[in-house]
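Topology and contacts: notes
Residues per chain are reported as follows:
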Amino acid sequence: MKIPDEEKISSIVTCAEKYSAAVLAETVKVAGELQKHHTFFEKLTSVPDQSEMTKKEKGETFVWKKKK
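First things first, this report covers the structure right here in the doc.

The rules we used
- Residues numbered from 1 in each chain as written.
- Predicted model: local features only at pLDDT ≥ 70, side-chain atom pairs only at ≥ 80, totals over all residues.
- Heavy atoms only, no water.
- Salt bridge = Lys/Arg side-chain N within 4 Å of Asp/Glu carboxyl O.
- Buried < 20%, exposed > 50% of the residue type's maximum accessible area, 1.4 Å probe, protein only.
- Helix = DSSP H or I, 4+ residues; strand = E, 2+ residues; numbered from the N terminus.
- Pairing = 2+ DSSP bridges.

All told, the structure shown has one salt bridge when counted by the stated rule. Residues Lys36 and Glu33 are paired through a salt bridge, measuring 3.1 Å at the closest nitrogen-oxygen approach. Residue classification places Lys36 among the exposed positions, given a relative accessible area of 60%.

And the structure:
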């Protein structure tokens, strides 16, 4: 049975609307989770240019420190 074009378009629009609603709901959820950490992120400062920094290994990771 062939579906008429209008039904196909209606089906696609309905699917897109449901997808948009689901993405919006997930975005709101994630934003709410991140809000708890707002103060932490506000206090972060950017790392200066690498030419002004040294990279020291600390176990399996590393730490950037400003050159003296």
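Before going further, it helps to spend a moment on the environment of Lys58. In this structure, Lys58 sits in strand β1 (residues 53-58). In this structure Lys58 comes out as exposed when scored by relative accessible area, which is 59%. For the pair Lys58 and Val30, spaced 28 residues apart in sequence, the C-alpha to C-alpha distance is 32 Å.

A word on the environment of His37. Within the element layout of this structure, His37 appears in the loop between α1 (5-35) and α2 (38-43). Sequence separation between His37 and Tyr19 is 18 residues; the distance between their C-alpha atoms is 28 Å.

Sheet topology note: the β1/strand β2 (residues 61-66) ladder contains six bridges and is antiparallel. Directly across from Lys58, in β2, lies its bridge partner Thr61.

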